[in-house]
Amino acid sequence: MIVTLIRHGETIWQAEGRYQGVSDIPLSSSGAAKLCPAEYCPDVVHVTGLMRTAQTAAIIFPEARQVCVPGLEEMDFGVFEGKNYRELTGRRDYQNWVDGGCLGTCPGGENKAGFSRRVCAAFEELMAENADEPELTLVAHGGTLMAVLERYGRPERDYFDWHCPCGSGFRLESVNWEQERTLRLLGPVSFTGGN
């Protein structure tokens, strides 16, 4: 199976450096304009429950049927959601989180380990449900992709080393999925270049 993982397009909050996590923020007009349709179209594109992934999928793969996959939403940043680092500067809880490499628990939200467990459990279920398909396409969030690829991507990279720009992602193959639970990187993909 060929697995294509794509990060959604840019939102206003992203342009302002705000933590958006599980907040249901739409694509900005400029973010949508930067996306362009793919030269191919899978029958099905999997998305998360947040509108920015569905909006991105509709632009890149306008003819595809969308299927929502629970559990693959971005990390819950709790009280940090909707704020940027300038607004959070001076808060002890935020500074502690940053000093800990952004791995600890966001007050009222998730920590990186729990987030990764949630995402990887949902991804494994998605892979099992589509085991007989020749391809799987997922439009999700930057953190979601990093969690999946840190765990399953080969060659191995750290979580933040799998970061990719909005509208971009990775194509992988699942040749060793059943035996090793790994995905071999084929290369990057990008669906940007619009106005």
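Visitor: Summarise the environment of Val 98; cite the residues concerned and give the values.
Guide: Position of Val 98 relative to the elements: it lies in helix α5 (residues 92–99). Linking Val 98 and Arg 181, residues 83 residues apart in sequence, is a C-alpha distance of 31 Å.

Visitor: Describe the pattern of salt bridges, naming the residues involved and giving the relevant values.
Guide: Between side chains of opposite charge, a pair can form when the charged atoms approach closely. Taken as a whole, this structure holds 10 salt bridges when the rule is applied. For Glu 150, the salt bridge goes to Lys 112, with nearest N and O atoms at 2.6 Å. Separated by 38 residues along the polypeptide, Glu 150 in helix α7 (residues 142–152) and Lys 112 in helix α6 (residues 112–129) bring together distant segments of the chain. The partly exposed category is assigned to Glu 150, whose relative accessible area is 27%. Each of Glu 16, Arg 18 and Glu 87 takes part in a single network of salt bridges with overlapping partners.

Visitor: Mind laying out the environment of Pro 37, listing which residues take part and the relevant values?
Guide: Positionally, Pro 37 belongs in the loop between α2 (29–34) and β2 (44–47). When its relative accessible area of 54% is taken as the criterion, Pro 37 is described as exposed. C-alpha of Pro 37 to C-alpha of Arg 151: the two residues are 114 residues apart in sequence and 29 Å apart in space.

Visitor: Give me the lowdown on the environment of Glu 124, citing residues and values where you can.
Guide: When you line up the elements, Glu 124 lands in helix α6. Spatially, the C-alpha atom of Glu 124 lies 24 Å from that of Ile 60, the residues being 64 residues apart in sequence.

Rules used throughout
- Residues numbered from 1 in each chain as written.
- Predicted model: local features only at pLDDT ≥ 70, side-chain atom pairs only at ≥ 80, totals over all residues.
- Heavy atoms only, no water.
- Helix = DSSP H or I, 4+ residues; strand = E, 2+ residues; numbered from the N terminus.
- Salt bridge = Lys/Arg side-chain N within 4 Å of Asp/Glu carboxyl O.
- Buried < 20%, exposed > 50% of the residue type's maximum accessible area, 1.4 Å probe, protein only.

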